[in-house]
Structure formats: C-alpha cells, structure tokens
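# Structural overview
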Amino acid sequence: MSDKTHLVDEITGHRRMRRNRKADWTRRLVQESRLGVDDLIWPIFIVPGTGIVDPIAAMPGVNRMSVDKAVEAVKEAADLGIPAIATFPDIEMDLRDETGSQSLVADNLINKATAAIKKAVPNIGVITDVALDPFTSHGHDGILRDGVIVNDETVDQIVRAAVMQADAGADIIAPSDMMDGRIGAIRRGLDAAGHQDVGIMSYATKFASGFYGPYREAINTGGLLKGDKNSYYISPANATEALRDAALDVEEGADMLMVKPGIAYLDICWRIKEAFGLPTFAYQVSGEYTQIKAAAMNGWIDGERIMMETLLCFKRAGCDGILTYFAVDVARNLAKG
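Residues numbered from 1 in each chain as written. Predicted model: local features only at pLDDT ≥ 70, side-chain atom pairs only at ≥ 80, totals over all residues. Heavy atoms only, no water.

Where an unreviewed UniProt entry is consulted, the protein appears under the name Delta-aminolevulinic acid dehydratase, with the organism given as Pseudorhizobium endolithicum. According to the UniProt record, the Sequence similarities (unreviewed entry) comment for the protein reads "Belongs to the ALAD family." (UniProt positions renumbered as here; feature names shortened; annotations may be inferred.)

Pairing analysis gives 3 bridges linking strand β1 (residues 40-47) to strand β3 (residues 63-66), with the strands arranged parallel. Bridge pairing in β3 links I46 to M65. As paired strands, strand β2 (residues 53-55) and β3 are joined by 3 bridges and run antiparallel to one another. When the bridges of β3 are listed, D54 appears paired with R64. (Pairing = 2+ DSSP bridges. Helix = DSSP H or I, 4+ residues; strand = E, 2+ residues; numbered from the N terminus.)

This part is about a nonpolar patch on the surface. There is a patch of nonpolar side chains on the surface, built from W25, L29 and V30 and spanning about 350 Å² of accessible area. Structurally, V30 can be placed in helix α2 (residues 24-30). (Patch = residues over 30% accessible without salt bridge, like charges linked within 9 Å, V, L, I, M, F, W, Y side chains within 5 Å. Areas by Shrake-Rupley, 256 points an atom, 1.4 Å probe, with all protein chains shown as cover. Salt bridge = Lys/Arg side-chain N within 4 Å of Asp/Glu carboxyl O.)

All right, on to the environment of P261 then. Residue position: P261 is located in the loop between β10 (256-260) and α9 (266-276). Its relative accessible area of 0% is what places P261 among the buried residues. (Buried < 20%, exposed > 50% of the residue type's maximum accessible area, 1.4 Å probe, protein only.)

It is possible for side chains of opposite charge to pair when their charged atoms get near one another. Enumeration according to the criterion identifies 19 salt bridges in this entry. Note that E72 is salt-bridged to K69, the shortest N-O span being 3.7 Å. One end of the pair, E72, and the other, K69, are both in helix α3 (residues 67-79), 3 residues apart, so they sit about a helical turn from each other. The exposure class assigned to E72 is partly exposed, which follows from its relative accessible area of 47%. Residue K69 is classed as partly exposed on the basis of its relative accessible area of 25%. Residue R182 pairs with D177 through a salt bridge whose shortest N-O separation is 3.7 Å. The exposure class assigned to R182 is buried, which follows from its relative accessible area of 2%.

Below, the discussion takes up the packing of helix α8 (residues 239-252) against α9. Interhelical geometry of α8 versus α9 gives an angle of 40 degrees and a closest axis separation of 10 Å. Considering their axes alone, α8 and α9 lie oblique with respect to each other. Crossing handedness for the pair α8 and α9: right-handed. Counting all contacts with α8, which are made through A239, T240, A242, L243, A246, A247 and V250, the residues of α9 involved are I268, R271, I272, A275 and F276. (Axes fitted to C-alpha atoms, helices over the stretch in contact; angles between N-to-C directions. Parallel < 35°, antiparallel > 145°, perpendicular 65-115°, else oblique. Left-handed = near helix turned anticlockwise from the far one by under 90°. Contact = heavy atoms within 4.5 Å.)

Take a look at the structure:
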C-alpha cells in the first residue's frame, strides 16, 4: 500500500482539528457549551394601571406592562419553560422623592406585581431589586445627601425594602445598588424576618457602563439623574477591584453572583466563576439588546443568529444563566428544536 502521508500530517503530528468538525453529527457530539431554556431569566418592566402594554422606543420588542398584563406575559414565559423573571418598576413621578421612600410602602408597585405573579404563576421564580433608583427623584440608587450617596443609611433602607419584597413573595433579592455591606445586611434582615429560604443574587460586579441608557428610559430615570454613579459602580477599567467586590459579597452570604453588563465583561464572568464556584449570571443589559435589535432591523446583521451566539458565549464564559430581554424569543427558538 502506498504511503499517503501528507506534509500537513508531518507538520501537525497527525493531529487534525477538522476531524471533529467534518459533519453536523460530530460537531454536535463534541460541542462544549450549550444554551437551554433553563439558562434564561426574563427582566420585565411594570407600570401602574390596568390593561397597559406600552412599547419602549429605545428597546424594540420590549414593553412596559401593567400588573395584569405582566401576569399574562409571565404565564407565557412559564409555559415556555423559563425558570425565573426579574421585575423593575416604573412608578409615578409624584411618588419619587429624595430618599426613595416609596420603596418602603408594603403594597408598592413592585410588591403588587410580585404578589400577583406568584399567585397566578407559582412555579416561576420572581427576582426583585432593592436599589432605590426607580423610587428617587434624582435617579440614584441610594439616598443623596449634600451631593453624596450615603452608604449606611441607604443600606438600612434597602434591608427594610428587601424584607417587604420577601413578604410579598419574592424568591430572590437581587440588590443592584452597590452599597458596601449590603449583602450581609440583607441576609441578616431576611433571616431575622423568617425568610431564610429567600436567596440573594448579588450584583457582584456592576460597572459604571454606557450600556444602561435604554433601561433608564424604560424606568424613566435618565432625565432625573444628577451627576453620575461613579462613586458606587465599578470602573470598567478595574478587573481586580471587581473580583474583590465579588469576594466580599461571597463572604457576606450571597447565594449567586451577577456580572453587569454582559458581553463586554466576559473575562469577569470567567474569573468570578473560577474564583468562587458559586452560580454565576450575566445581565445582557438594555444597550446590548438594543444594539442587536437596531442592527438587525436595519438588515446589517442576522439578529436571531447573533442573539443566540451572544447567549451561548455567556455559557462558554462560565455563566450558569443570563438575564436577557431576549428570553422569550430565545425560548421560542429553542422550542422549535
């Protein structure tokens, strides 16, 4: 038999990477990362009133919904197999004040939504945020005094709000405010109130990013914001600081960790998962969503393909799940097989 060894065989030492890529069945067999419906958390926006489905101009395909319409949408999400939602309120402007006091009203909009959703769709997880920005007249995540976001007073307030959210039926508290000590304080507050089973998903590394713009339109805080959030969010330049922040949250009792934003911070996702081994999530934020949607609407990219590719990349980077406004679209896509 003649020797059919090729120069390429000698160069590669008879190791050819394309052997495992030669056919669809081999590619499927050796695929390392997979995206499934169980990886999805769907963020939704709640507004006062009834019968309201209000499209958000800066986020095509995303709506603000009154509680009754949100319940209907969440039922659909649960039927598609989505395991959890995350709720964000857009409350009336006349209820917003310097301290975000509406966050401490037991039957406020976010708690009404939680109670209604848990009653109608008990098999879906409800994740709530206790940051004050939807409730403040200045758009900051904490209490503003003399131009300074006061850490400890804010923590005291968000602990009380977290207990109220748990009372309403929230399964996981996800504090996005980035105040020091908040995770430990919330854990103690929940336990003291008998909510030992309520988890905490820490926004462990929330960066001072430009990707949040459409979200701020969605909850009507963009025009309110006085100054910036650089004194409490992490600089996009600082990976080591981000890991230190996450480490403190782990020590304080976080059950899960989140990286926000997502696609520009895949290195942080990987490092956090490797360092701590806790369930790790990324938030594919509004700016990421809108970029994909806008480019797809203009015919510049294959929007569905990139939607699926970006979420798969989060999985490759070590994430156990993703908060994404694409969740329902992805779930439908996955259901098609």
